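Residues per chain are reported as follows:
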Amino acid sequence: MDILTPEKRSWNMSRIRGKDTKPELVVRSVLHSMGYRFRVSNKDFPGKPDILLPKHKIVIFVHGCFWHRHAGCKYAYFPKSNIEFWLNKFKANINRDQVVTREIMEKGWQQFVIWECETKDKDCVRRVLKDFFGDKKQHINK
Ligand SMILES: [Zn+2]
């Protein structure tokens, strides 16, 4: 009766797959090539960020556009069936993201989100990281 829609199935799969998904690997390899040192162990950190840069007090999340509702992104479409299920799911995800953001700020860390759609192009990842770290440096120097 309740046949899994493709979205539901891919959600189940994403839960099973867990760590070391491809977008995370892309971001890590770009960071590495830029000479940044980071760690990926996140057990006791709010929101379990994908990448941590303790020296800079920065955490990086690689967010799936669909699950975290990337505004204006074509991957953040709304499924046509099981509307109730998805509304609740998305609401819970967004609420959790907001709580996590607050917890990270209270710890005195900064968070940076890279969207999954941006990780399809390594140059794009390099650019957004460069912008982010560049802005930060200026900020610190002031
Ligand atoms: Zn996106």
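Description of the structure in this document. (Residues numbered from 1 in each chain as written. Predicted model: local features only at pLDDT ≥ 70, side-chain atom pairs only at ≥ 80, totals over all residues. Heavy atoms only, no water.)

1. What to know about the coordination of the zinc ion
Each donor-metal-donor angle in an ideal tetrahedron of four donors is 109.5 degrees, and each such angle in an ideal octahedron of six donors is either 90 or 180 degrees.
Link 1 in the chain: At this site the zinc ion is bound by Cys65 (SG), His70 (ND1), Cys73 (SG) and Cys117 (SG), with donor distances of 2.1 to 2.4 Å.
Link 2 in the chain: Motif for the zinc ion, donor spacing along one chain: C-x4-H-x2-C-x43-C. Of this pair, His70 sits in the loop between helix H3 (65–68) and helix H4 (83–106) while Cys117 sits in the loop between strand E3 (110–115) and helix H5 (122–141), placing them 47 residues apart in sequence.
Link 3 in the chain: For His70, a relative accessible area of 16% corresponds to the buried category. (Donors = N, O, S within 2.8 Å, 3.2 Å for Na, K, Ca; no water. Helix = DSSP H or I, 4+ residues; strand = E, 2+ residues; numbered from the N terminus. Buried < 20%, exposed > 50% of the residue type's maximum accessible area, 1.4 Å probe, protein only.)

2. Structural notes on the pattern of salt bridges
Link 1 in the chain: On inspection of all chains with the given rule, the structure shows one salt bridge.
Link 2 in the chain: A salt bridge links Glu24 to Arg28; its shortest N-O distance comes to 3.3 Å. With Glu24 and Arg28 both in helix H2 (residues 22–33), this residue pair falls four residues apart, about one helical turn. Arg28 shares its class with Glu24; the two are buried. (Salt bridge = Lys/Arg side-chain N within 4 Å of Asp/Glu carboxyl O.)

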